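What follows is the residue order along each chain.
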Amino acid sequence: MISKKMKKIAILHHGCAKNLVDTELMAGALQKKGYLVTLDTDDNEAEFVVVNTCSFIYDAEKESVSSIFEMIGAKKKVIIAGCLPQKHGEELQALIPEAVGFVGTSDIEKIVDIIENLETDKKAVKSPVESTKKNFSVSKNPVCKYPENLERVQITVGSSSYIKIAEGCDYACGYCVIPKLRGPYVSRPMEAIVNEAKILANKGVSEVILIAQDTSSYGIDLYKKPVLAKLLEELNKIENLSWIRVLYTYPTNFNDELINAIAKLDKVVKYVDIPLQHSHPMVLKAMRRPAIDVLAFIKKLRQKIKGVCIRTTLIAGYPTETKEQFNHLYEFVKAAKFDRLGVFEFSKEKGTYAYGLKPQIPARVKKARKNKVLKLQKEISNKINENLVGKRISCIVEQVMDDGSAILRSYKDAPDVDGLVYVKTTEILVPGDIWDVKVTGFSDYDLFGEI
């Protein structure tokens, strides 16, 4: 039996890497207070389940709600955390009265108080309604400041770990609810980020992945200018770290200093993730996004950063997008030849500028446009992969199989969103080690090789 002090709390995670860090911070807060944290929601000893939710688009929200009701159906005491309660507030409390607690995006440290309150309320035999009102910690105007006093408990398996370098967002993109869910842009102090990277490296993490809503603006609030390049220089000094990867860069502050840092720093992988969303200036204006000469920017990246891999994400079927404007996007993708590319159908979200924008594009048209771009990207990806055959590429070991094969990931591939490299070898491989792999074959998005 588990002692009173070592009570088990289950955590169920949804959403992006930024949300994952929040989940790990909540796990850290609970563990710091003496609770045992499990990812096994079927564990009979875990009376409470914290569901950290995503509410970025409708499909993600639907998935989170499904998990909540599944846990309620399993007779668990459910605490709903993250973006869903932040987006819907007291409305969610009314819609799901079975939930025993609610924690917003800027209140994640209060997860411990809520658990302790619920335990106290249970002893006092308080009514569920009275208890739930007390355990509603959702700030109406969130300001998400990273809790530097907490040490995360990693819930992912592998030799890579995310580091959140900033919270919130100061932009007002027409389709995005994040500023309302996360508040204004708040950078972490550089020394705190470097210290966390050192702790992770000492634990055996080989690759740190820097994330924020907009990483290229890092430091603009603290240091009065973007200083991501300087942060990369400091992280590059950590001896037992192998790779540093940057995700979610915004075009406005992607300056020459940052380009040069990526080019020259040996531990910074030559991977640029810059979600552009569209190519046509009129659609970008409707998106409230910056219109830049992207083809010139891509050419510059490829000239300055040897072997650079460029990734982007696009939105198909944004309101007002005409057939001609979509064709502009299609031809842009054909010309840019992105190494990695994702496409989302526009998702209509309440509270955004695009929600009431007209004309809205029919669902079948959005789907068709997305699939047309993805078909083109598959052809581009195949040609890029074909050109790698016979060449060597730097890869990190992800998983070693009993039959002598192994799964690796190249510097051109971020975890969970990009491809993998499948290898057969007689070498002894250890997860987290970096090897040069000779490419012997390929599929649409994956590679095959040997060491």
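Residues numbered from 1 in each chain as written. Predicted model: local features only at pLDDT ≥ 70, side-chain atom pairs only at ≥ 80, totals over all residues. Heavy atoms only, no water.

Novice: Requested: an account of the sheet that holds strand S17 (residues 421-424), with residues and values cited.
Specialist: In spatial order, the strands read S15-S16-S17-S19-S18; together these 5 strands close into a barrel with mixed pairing. When the angles between neighbouring strand axes are averaged without regard to direction, this sheet yields 50°. Pairing geometry for strand S15 (residues 392-400) and strand S18 (residues 434-442), over 5 bridges, is antiparallel. Paired with Ile396 across the bridge in S18 is Ile434. (Pairing = 2+ DSSP bridges. Helix = DSSP H or I, 4+ residues; strand = E, 2+ residues; numbered from the N terminus. Axes fitted to C-alpha atoms, helices over the stretch in contact; angles between N-to-C directions.)

Novice: Outline the layout of surface pockets, listing residues and values.
Specialist: It is a probe the size of a water molecule, rolled over the atoms, that shows where empty space is left. The calculated volume of the second largest pocket comes to roughly 410 Å³. Together, 19 residues line the second largest pocket, and Ile57, Tyr58, Ser347, Lys348 and Glu349 are the ones closest to its centre. At the level of secondary structure, the elements contributing two or more residues to the lining of the second largest pocket comprise helix H2 (58-73), helix H3 (83-88), strand S14 (340-345) and helix H14 (363-388). Here the residues of the lining of the second largest pocket sort into 7 nonpolar, 2 polar and 10 charged. (1 Å grid on protein atoms, 1.4 Å probe; cavity = no way out; pocket = protein on both sides within 12 Å on 5 of 7 lines; lining within 4 Å. Points joined across faces, edges and corners; volume = space filled by probe spheres on them. Nonpolar A, V, L, I, M, F, W, Y, C, P; charged D, E, K, R; others polar.)

Novice: Which residues make up helix H13 (residues 323-336), and what values go with them?
Specialist: For H13, which comprises 14 residues, the first-to-last C-alpha distance of 20 Å matches the rise-based estimate of 20 Å (1.5 Å per residue) to within 8%. Of the positions making up H13, those classed as buried are Gln325, Phe326, Leu329, Tyr330, Phe332, Val333 and Ala336. The arc enclosing the buried residues of H13, seen along the axis, measures out at 160°, which places them on a common side. Of the exposed residues in H13, the ones pointing more than 90 degrees away from its buried face are Lys323 and Glu324. Residues of H13 that are buried in the fold lie against helix H11 (281-287), helix H12 (294-304), strand S13 (309-316), S14 and H14. Just beyond H13, the residue with positive phi is Lys337, at close to 50°. (Expected span 1.5 Å × (residues − 1). Buried < 20%, exposed > 50% of the residue type's maximum accessible area, 1.4 Å probe, protein only. Arc of directions from axis to C-beta. Contact = heavy atoms within 4.5 Å.)

Novice: How would you explain the side chain of Asp413 if you had to name every residue and give the values?
Specialist: Locating Asp413 in the fold gives a position in the loop between strand S16 (405-410) and S17. Of the polar contacts made by the side chain of Asp413, one reaches the side chain of Arg340; its length is 2.9 Å. Apart from the residues within four sequence positions on either side, Asp413 is in contact with Arg245, Tyr271, Arg340, Asp418 and Gly419. (Polar contact = N/O pair within 3.5 Å; in protein donor to acceptor, adjacent residues only side chain to side chain.)

Novice: Residue-level account of the environment of Gly317, with values.
Specialist: Structurally, Gly317 can be placed in the loop between S13 and H13. With a relative accessible area of 0%, Gly317 lands in the buried category. Not counting the four nearest positions on each side in its chain, Gly317 is found in contact with Phe346, Ile361, Lys366 and Arg369.

Novice: Let's hear about the packing of H13 against H14: which residues, and what values?
Specialist: Remark: H13 packs on H14, axes separated minimally by 10 Å, with the N-to-C direction vectors making an angle of 15°. Of the possible angle classes, the one that applies to H13 and H14 is roughly parallel. Considering how the two elements wind past one another, H13 and H14 form a crossing that is right-handed. Facing H13, whose interface residues are Lys323, Phe326, Asn327, Tyr330, Val333 and Lys334, H14 presents Arg369, Lys372, Val373, Leu376, Gln377 and Ile380. Among the residues forming the contact of H13 with H14, the class breakdown is 6 nonpolar, 2 polar and 4 charged. (Parallel < 35°, antiparallel > 145°, perpendicular 65-115°, else oblique. Left-handed = near helix turned anticlockwise from the far one by under 90°.)

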